[in-house]
Structures are given as C-alpha cells and as structure tokens.
Amino acid sequence: MTTDPTLPRQISVEGQQAANLATLLRELERFLDECDETTADAIAEFFGLHPAAEAYSAALCFHADRLETALGLQEPT
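Residues numbered from 1 in each chain as written. Predicted model: local features only at pLDDT ≥ 70, side-chain atom pairs only at ≥ 80, totals over all residues. Heavy atoms only, no water.

A. Local environment of the overall build of the chain. Across its full length, the chain carries three helices and zero strands. Structurally, the chain occupies a C-alpha span of about 40 × 30 × 20 Å along its principal axes. When burial is assessed residue by residue, the chain has 21% of its 77 residues classed as buried. Contacts spanning at least 24 positions in sequence make up 60% of the contacts within the chain whose residues lie at least 6 apart. With an accessible surface of roughly 6300 Å², the chain has 57% of that area assigned to carbon and sulfur atoms. With 4 positive and 14 negative side-chain charges, the chain shows a spacing of 11 Å between the two charge centroids. (Helix = DSSP H or I, 4+ residues; strand = E, 2+ residues; numbered from the N terminus. Buried < 20%, exposed > 50% of the residue type's maximum accessible area, 1.4 Å probe, protein only. Contact = heavy atoms within 4.5 Å. Areas by Shrake-Rupley, 256 points an atom, 1.4 Å probe, with all protein chains shown as cover. Lys, Arg positive; Asp, Glu negative; His and termini not counted. Charge placed at Lys NZ, Arg CZ, Asp CG, Glu CD.)

Printed below as a string of structure tokens:
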C-alpha cells in the first residue's frame with residue numbers, strides 16, 4: 001500500500017467514531033481469520049492476491065491496533 005501525497009497528513013476524528021471503526025476492523029479481521037478455505041479462495045480470486053484473507057487480516061489488525069493505541073484502549077506494541 002502506498003501513501004497518496006495529495007491526502008492531508010492528519011485528520012481529526014471524534015473518539016467514538018474512531019472506536020467504532022476499530023471495532024469494525026476487528027470484526028472484519030476475525031471474519032477473515034475464521035473463514036473457511038472456499039471463502040478464502042473466493043476472496044483471493046476476487047482481489048487477485050494469494051493469500052488475500054491473511055494479507056487483509058494482517059492489515060486490518062495493524063490499523064485496529066493503531067486506532068486502539070491512539071484511543072488509549074491498548075498499550076503500544
């Protein structure tokens with residue numbers, strides 16, 4: 001994933017919205033971690049990335065960790 005230089009470097013998000021986003025990311029991460037082989041294969045085929053489920057799960061985990069750390073819901077790792 002690359003950073004778009006035209007996007008602002010920092011934005012403000014209300015705390016509850018950030019917490020809700022972190023929860024959504026965790027739920028999606030859990031879904032991808034628990035999906036069966038058929039679902040994982042369909043995701044990989046759709047995105048053209050093998051193993052897509054694992055790659056996206058890791059990305060979701062990373063971003064949820066960052067949000068939770070910023071919100072003080074998790075200790076920095």
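From this point, the narrative continues.
B. Just the nonpolar core, in detail. Listed in full, the ten residues of the largest apolar core are Leu25, Leu32, Cys35, Ala40, Ile43, Ala44, Ala52, Ala53, Leu60 and Ala64. Of the residues forming this core, the biggest block, four residues, is contributed by helix H3 (residues 52-70). (Core = buried A, V, L, I, M, F, W, Y, C linked by side-chain atoms within 4.5 Å.)

C. Looking closely at a negative patch on the surface. A contiguous patch of negative charge, built from Asp36, Glu37, Asp41 and Glu45, is present on the exposed surface. For Glu45, the location among the structural elements is in helix H2 (residues 37-47). (Patch = residues over 30% accessible without salt bridge, like charges linked within 9 Å, V, L, I, M, F, W, Y side chains within 5 Å. Salt bridge = Lys/Arg side-chain N within 4 Å of Asp/Glu carboxyl O.)

D. Structural context of the side chain of Ser57. Within the fold, Ser57 resides in helix H3. Overall, Ser57 belongs to the buried group, its relative accessible area being 5%. Residue contacts for Ser57: discarding those within four places in its chain leaves Glu29, Leu32 and Asp33.

E. Inspection of the pattern of salt bridges at higher detail. Within this structure, the stated rule accounts for four salt bridges. With a closest N to O distance of 2.7 Å, Glu68 and Arg26 form a salt bridge. Of this pair, Glu68 sits in helix H3 while Arg26 sits in helix H1 (residues 15-34), and the two are 42 residues apart along the sequence. Classification of Glu68 as buried rests on a relative accessible area of 14%. A single salt-bridge network, built from bridges that share partners, covers Arg26, Glu29, Asp65 and Glu68.

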